[in-house]
Amino acid sequence: MTAPGNTVDLMLARGQSLALGANFGPDLAPNGQRWREVFGGAANPGALMLTGLRRADGVAVTHVANPLLAGYDPAVPAAGYGPMLVQGSVPEGAVLACAMLRDGLAGAVAFQFHDAGGQSIQNLDDDPGSGVEGVVTPHANAELWLAEAVRVFAAEGKAIRVPRIFLNQGEADVARPRGWWSAAAEVTCGQMVEQVRRRTGQAEAPVLFVQQTGGYMMGAATNLHHCKLDQLDFVRAKGGVLVGPLYPYKIDNSDDKGVHKLWSEYVRAYEVGAWAAAEVAAGRAWNLLPGPATRTGDRIAIPVSVREDEALTIAPGLYADYGGDPEHLGLEVTGGGAIIAAGVSGGTILLDVAGPVTAVRYAMQRDPTDYRRLTDAAGCGYGAHRGLICSTLIRTVSWGGMEFALERWLPSFEVAL
């Protein structure tokens, strides 16, 4: 086959199991296709993968949710390329590739998942001494695949570019202290950018798009999820894009791990990443971040970076059947004081408080409740971190004859006073 156009985008969508995605199994979409076919290259011309690669154990790499920690056999080069094949898990990068083509952000996109479930941010770097000792396979996977992609497409006279890196990682690092994740991500993401520049020859650094860690349905009283706050710091410091938080998405707890999303929620979260990419490409702002908090008397105001075409709003009842909505929209204060009332106005969060307040937290509850025991009949529920504040901006996309509603949610945060 021949890739359409003269330029092929290489899709880098890195992370752990939430980037690897759900296994849709044999389920059919409303249009009669299997879901894995909905997001495959046959249904999305221009969605590509390299062919002919093998894992280190000799197994052929025939679909995009491989080679995981088995790694590639470096002695086996790619034979060429073909339509992206999705089997089992539907990775974030596959959905993003299809969305980029639909939205006109690329004429051809090649993708392969390089990482694996359960990986710390340090396991994605090239240092065998960081993270789990000796684990450098994800970095090596990306290294080989980038080199082979450049070789294969250059042989046809195609230009290669990597405009974006998507990162969906953090659940493995929820127990780390404040500042640990951002320091580790500085190394790991720096190596990702260096790898792209070295292998492709492009001068411009890819834009980093980060999904904020959603957390688990349990353990919030002890695992304080400082990585969430680090992710906000990292995006601000690096000029990256915060796609949004993962806390509003429903969890399928059929595996009792209390973290993996319902299959349709994966699609919604991934599509918000594609929405963010389209907005940034059009020159519009995307980051929805809190500014410094101020207190005047007993009123605290926290400005949020809303755009001119949106305002803050609330979504009551989201958790009503799953342990209940959080108090005060998901806002809490520290320092001994209390919240009397909470609301939003335009682009500002407003709190009426009593007593001393040293900081305001949002969707960062330290609740000992095990929400795995508060699910519906299908075993689905929500995480321990809960918030009700989102934007008025919405978008709807359709896949397989099914509509997916996309929303912009306020990330988990903590601001000092």
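Here, every reference points to the structure presented above.
Given the structure is predicted, the values throughout are model-derived calculations rather than measurements.

Chemist: Lay out the pairing of strand β11 (residues 299-303) in plain terms, naming residues and giving numbers.
Modeler: On β11, burial follows the alternation: I300 and I302 on one face are buried, whereas R299, A301 and P303 on the facing-out side are not. Note: strand β10 (residues 294-296) against β11, three bridges, orientation antiparallel. Residue pairing across strands places R295 opposite I300, the latter belonging to β11. Pairing between β11 and strand β15 (residues 348-354): five bridges, direction antiparallel. When the sheet's bridge partners are listed, P303 is paired in β15 with T348.

Chemist: An account of the sheet that holds strand β20 (residues 413-416) is needed here, citing residue identities and associated values.
Modeler: Strands sit in the order β13-β16-β20 across an open sheet of three strands; the sheet is antiparallel. Either end of the sheet is taken by a strand with one partner, and the two such strands are β13 (331-334) and β20. Neighbouring strand axes in the sheet, compared pairwise and without regard to direction, differ in orientation by 20 degrees on average. Taken together, the four bridges between strand β16 (residues 359-362) and β20 define a ladder with antiparallel strand orientation. Bridge pairing in β20 links A359 to A416.

Chemist: Go over the packing of aromatic side chains, please, and point to the residues and values.
Modeler: Evaluated as defined, the whole model comprises 16 aromatic pairs. Pairing W35 with F39 gives two aromatic rings, centres 6.2 Å apart and planes at 20 degrees, and the pair type is stacked. Classification of F39 as buried rests on a relative accessible area of 0%. One aromatic cluster is present, formed by F24, W35, F39, W263, W399 and F404 through successive ring pairs. The side chain of R386 reaches across the aromatic face of Y371, ending 3.9 Å from its centre. The aromatic ring of W286 is capped on one face by R408, whose charged end is 4.2 Å from the ring centroid.

Chemist: So what's going on with helix α3 (residues 92-102)? Residues and values would help.
Modeler: For α3, a buried count of 10 out of 11 residues is recorded, marking the element as mostly surrounded by other parts of the structure. What α3 keeps buried is the set E92, G93, A94, V95, L96, A97, C98, A99, M100 and L101. Two residues or fewer after α3 comes G104, characterised by a positive phi angle close to 75 degrees.

Rules used in this analysis
Here, residues in each chain are numbered from 1, in the same order as that chain's written sequence. In view of the model being predicted, local features appear only for residues whose pLDDT reaches at least 70, and side-chain atom pairs are presented and counted only at 80 or more, with totals across whole chains, interfaces and linings using the full set of residues. Here the side-chain values reflect all heavy atoms present in the structure, with hydrogen atoms and water set aside. Think of it in three bands: residues with accessible area under 20% of the maximum for their type are buried, residues over 50% are exposed, and the middle band is partly exposed, with areas taken using a 1.4 Å probe on protein chains only. Secondary structure elements follow DSSP: runs of H or I of four or more residues count as helices, runs of E of two or more count as strands, with numbering from the N terminus. Whether two strands pair depends on DSSP finding at least two bridges between them. Fitting a line to C-alpha atoms yields each axis, with helices limited to the stretch in contact; the angle taken between N-to-C directions then spans 0 to 180 degrees. Stacked, tilted and edge-to-face pairs are distinguished by plane angle, under 30 degrees for stacked and over 60 for edge-to-face with tilted covering the rest, among Phe, Tyr and Trp rings (Trp via its six-membered ring) whose centres lie within 6.5 Å. Here, over-ring charges are defined by two tests on the NZ atom of lysine or the CZ atom of arginine: distance to the ring centre within 6 Å, and angle to the ring normal within 35 degrees.

Worth remembering: the numbers are spatial, not functional.
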